[in-house]
Structures are given as C-alpha cells and as structure tokens.
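What follows is the residue order along each chain.
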Amino acid sequence: MSLKAKFRGPATSIDDQVESFATERVPTNQRWPIPAISVVLLGGATAMFWFTYGAQHLFLVGFPLILIPIGYFVIGAVLTGMLTMRVASREGLSPNLLSRGLGFGSRGAAVTSFIYGINYVYYFLFEGTIVSHAIAIYFEIPIDSFNGTLIYAAFGLVTIAFAWRGMHAMSFLQKWGFPFFVITVGWAVYVFSRDRDLVGIGDWTATQPLTFAAMMSALSLANGQVIFQGLMATDYGRFASQRIRYRGTASIMILELIPMLIVIGLGCFFGINLYSELSGPDAQSYAQDPGYLFVNVIGLLGVILVVVTQIRVNVMNLYSGSIALASGFEVAAKIKPGRPWWMFLIWGVGVLFYVTNVLNHLGTFLAIAGVLTNTWVLIILADYFVCRRWMKLGKPENVEFHENEVPKWNPCGLTSLGVAVTIGAMGIIGIYPIYFASFVAMIVGPLIHIALTRATGGRYYTPKRTATQTDLNALDEADDDHDPLSV
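Residues numbered from 1 in each chain as written. Predicted model: local features only at pLDDT ≥ 70, side-chain atom pairs only at ≥ 80, totals over all residues. Heavy atoms only, no water.

## Some points on a nonpolar patch on the surface
- On the surface, a cluster of nonpolar side chains totalling about 680 Å² of accessible area is made up of Tyr138, Phe139, Trp187, Tyr190, Leu300, Leu301 and Ile304.
- Only helix H8 (166-194) and helix H13 (290-332) provide two or more residues apiece to the nonpolar patch.
- If one sorts the elements of the nonpolar patch by residue count, H13 sits on top with three residues.
- You can see tryptophan 187 is positioned in helix H8. (Patch = residues over 30% accessible without salt bridge, like charges linked within 9 Å, V, L, I, M, F, W, Y side chains within 5 Å. Areas by Shrake-Rupley, 256 points an atom, 1.4 Å probe, with all protein chains shown as cover. Salt bridge = Lys/Arg side-chain N within 4 Å of Asp/Glu carboxyl O. Helix = DSSP H or I, 4+ residues; strand = E, 2+ residues; numbered from the N terminus.)

## With respect to unusual backbone geometry
- Look at the link from phenylalanine 63 to proline 64: it is a cis peptide, with omega at 15°.
- Here proline 64 shows up in the loop between helix H4 (49-61) and helix H5 (67-91).
- Not every positive phi belongs to a glycine, and lysine 392 is a case in point at roughly 55°.
- Within the chain, asparagine 398 stands out as a residue other than glycine whose phi angle is a positive 50°.
- Counting through the fold element by element, asparagine 398 comes out in the loop between helix H15 (362-390) and helix H16 (411-428).

## Points about the pattern of salt bridges
- Counted by the stated rule, this structure contains six salt bridges.
- Between glutamate 397 and arginine 90 there is a salt bridge, with its nearest N and O atoms 2.5 Å apart. With glutamate 397 in the loop between H15 and H16 and arginine 90 in helix H5, this pair connects stretches of sequence that are 307 residues apart.
- Looking at glutamate 397, the relative accessible area reads 40%, which means it is partly exposed. (Buried < 20%, exposed > 50% of the residue type's maximum accessible area, 1.4 Å probe, protein only.)

## Thoughts on the side chain of arginine 388
- Considering the arrangement of structural elements, one finds arginine 388 in helix H15.
- Residue class for arginine 388 comes out buried when judged on its relative accessible area of 1%.
- Polar contacts involving the side chain of arginine 388 include one to the main-chain carbonyl oxygen of lysine 395, which spans 2.7 Å. (Polar contact = N/O pair within 3.5 Å; in protein donor to acceptor, adjacent residues only side chain to side chain.)

## Brief notes about helix H3 (residues 34-45)
- A rise of 1.5 Å per residue sets the reference length of H3, with its 12 residues, at 16 Å; its end C-alpha atoms lie 16 Å apart and thus fit the reference within 8%.
- For H3, the buried fraction is high: 10 of the 12 residues fall into the buried class.
- Buried residues of H3: Ala36, Ile37, Ser38, Val39, Val40, Leu41, Leu42, Gly43, Gly44 and Ala45, and no others. (Expected span 1.5 Å × (residues − 1).)

## Describing the packing of H4 against helix H11 (residues 246-277)
- Contact geometry for H4 and H11: axes closest at 7 Å, N-to-C directions at 60°. Overall, the two elements H4 and H11 adopt an arrangement that is oblique. Every pair of crossing elements has a handedness; the one defined by H4 and H11 is right-handed. Along the contact surface, H4 presents Trp50, Phe51, Tyr53, Gly54, Ala55, Leu58 and Phe59, while H11 presents Met260, Val263, Ile264, Leu266, Gly267, Cys268, Phe270, Gly271, Ile272 and Tyr275.
- The class makeup of the residues in the contact of H4 with H11 is 14 nonpolar, three polar and no charged. (Axes fitted to C-alpha atoms, helices over the stretch in contact; angles between N-to-C directions. Parallel < 35°, antiparallel > 145°, perpendicular 65-115°, else oblique. Left-handed = near helix turned anticlockwise from the far one by under 90°. Contact = heavy atoms within 4.5 Å. Nonpolar A, V, L, I, M, F, W, Y, C, P; charged D, E, K, R; others polar.)

## Digging into the nonpolar core
- Residues Trp50, Phe51, Tyr53, Phe73 and Phe294 are the most contacted members of the largest nonpolar core, which totals 128 residues.
- Residue contributions to this core peak at 20 residues, all from H13.
- Not counting chain neighbours up to four residues away, the residues in contact with tryptophan 50 comprise Gly44, Ala45, Phe73, Gln225, Gln229, Met260, Val263 and Ile264.
- Within the second largest apolar cluster, six residues are counted, among which are Ala382, Val386, Cys387 and Tyr461. (Core = buried A, V, L, I, M, F, W, Y, C linked by side-chain atoms within 4.5 Å.)

See the structure below:
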C-alpha cells in the first residue's frame, strides 16, 4: 500500500458514504487503514472543548495534582477504547448495533442509543456555543440574545452540510483543517506570551481551597470522558480491519490522545494566565471560554480559528449522534428517513438550549454522562468478554444484531443499567456527593449484568420461538429423519 493510500479510505458509493452503515455491518471491502482513521479523529482531539477541560481541571486542583485526573483519563481512555474498538472492528458494528446482541435486545438497545445520542446533542451544543460566543464578542452582540442564537443556528447548518457524506467528507476536512489549527494556535501562543508576565508553572494553583471534594470533582470530570473518548473513536474504529489486534486499536487511541493532551495543557496555560488578569464573578467563566480567549488575543483571526475548528469537531458530533439516533429509531418507532436527517434533530435541540450557556455546567453534565454512558459501555464489554468469551454463555463471534436474531428486550442488561443509573441518579440529585455517582454506577452495572446473565444461562441472547417456528423446525427434523441422504 502506498503512503498516500494509507491516509484515505476505500472508494465507495455516494449512498454508502451518506448512510455510513449506520444500521448494518461494515463490509470487508470498506475497511480503512489506521492512519486514515487517525486523521479523522484529529477533529475531536483538537476541539475547543479541551481548552475548557484543561482549565477547569487546573482551577479545581492546580499543578501538579492535575496529573492525577488527567493520567486516569489517558490510561482509562486507551484501555476502554482499545477494547471497544477491537470488538467493533471485529464485528463491523457500531456500539449501538453491538448493544442489541450484547445484553440489551433490539428494543432495549434503542434505549442505549438514545443515551449515546444525548452525549452528542450536548457536545454539539457545547462546541457550537463557543463559535457563537467568538462571533458575538467580536461584533459586540450580546451572547444570550436572539441574534446570538441565530449565529449558533446558522453555523450549525453549515456543519450539517459538511457531515452529510460521513467519513469521506470528514477525512477531507481534517486534512486541511488540522494544519490551520496548529499554525493559528501557535501564533496565538506567541502573541499571548509576547506582552505578558506569564504565571510560572509553580504558581498554577487552584482557584479554591484544595480539598478531597475538589480532587474527586476533578476525577469525576475525567471519568465523564474516560469511556466516551474510546466510544467516539469506536464509531470510526469499526471501519478498521477485522484482523486488527489490540496493539492496533491502542495505537489509534494513543494517536488521538497525544494532540488532545497538548490542547489540554494549552487550556491550563491560557486559563490560569487569563484568570490572573480578570476580576469579578465571571472571571473564571471567561478564562475557560476559548471563544473569549482567541478573539481577545488575535482578533478576527481568532474568530476564523474558532469557526474552522468547531466545524471540524461538530461534524464528528453530528455524525456519531446521527448514527446513534438512526439505530435507535429504526427499532423503537420504525422510522427510517436515513442517517443524515437525524442531524437536524440534534441541531434543533441545540438551538433550543443555546441560551443556557452550557460552558458553565460542564461538571454536572460529565457526571450525568459518566453515570449513563460509562455504565452502558462497561455492561456490553462485560457481556462480550466475560459472559460470552469466558463463561461461554453466548457466541463469541458474529454477534447477533438483526431484529429476528435477538429478543426485543434482554432483561439482564436493562435491569443492570436501570439499577446502576438509579443509584447514580441519587448522587446527581445530592443524596450522596455527586462526584461519586459515575464511579458507583459504572461498577455496579456490569457486576449485576454478569450475575443475571449467569443466573439465566444466557437464554436471553436468542429470541423466543413462536409456536409456528417450533412446528416448522419439528417438520424439518422429521424430513431429515426420513431423508436417505441425511447423515
């Protein structure tokens, strides 16, 4: 394979590019090389989100303690991404379709698809909000005004146009967008540093007293991303070769995380220095807002940087979100308008909630996402590696996903998810500290699922046979008994 071929996907029809195998297995001839997948993932790795993420961690615990939650995030993301991507590439299925056979059933997997889709609605809103803030600040438009909402809506529609053709369009966008990001952010660092007495790394301290609660809040922030990043990579990693090994899937995760860590570090650098200059109750909010940062540092070029960067990442949010919703609605409501049309639903919800300024509620959302998403993913991993491959309660390969191959509802996964989420929700509403919620839920869910699947002997992997099916099978067996050629 030539070097150029390693960085691009296989030729395919326009229809397959648009639908992107949202409800079917990825064929063998549509697999992508690892470098080409890694190029697409650069959009998520260099999102403006990571500037905010880094700054918020630093404000909570300071340096060097920030290395604890960030280290947990990196190690956990590599491990979970390596495992989920290995399963998805081997089966050629998205996490949503895998859920049908791995513990939830066809209708039950619709529930998990909506859980997954909610993540992308939030991230689309988060990233689009940064764009709107940058433009509004530069042109002196009130951020939370009607005109601010119109800016958000307009650039959301532009993003939909880029995401329409799936992986192939995103590959093209990232190839030219990433160099622009690197050059422009480098210029911003130079301009920012040129006229300031910078805060030395030894003075990168927390903005509040350092407590156990602060450290656990930082770990909760990390936990909200630790599995989601592996899951997001899996939406693209399912296009990897069926023969890919754990070393290959781990490589994809590491190639994604390296630029991500650089951006997180820059978020700390910009955030602490801006915070030292600002005053008032909104100082921390502005210091962690890339829309405010880049406009004030490099002006119009900063606006262009934010717009281009956020289109690059929001095409990924729309793509993965539309895959999740297409899979869910296919079985929940028998609605099949095609994958791209679900992007308009994500866009519409984002427009509706734009005025809430989600940048200030990142911690709460990541705690909720950790409860829902982490628990679901660890249940399907436990089902595949423990229940199927270790306990041999189901097929270890060719996981079933068609509606006629799986039960509508698998009570093992649904009960496990329901109990774990209920326990996690108690933390979210304050019955116990919120920063424990995602950790408790993600431990309890898989353990209950393994116990239930073992207790039921894996009988919920296959649908119940109807009387008609039983009669037909009996007739087939009778015919075989009288067939002189049968063995």
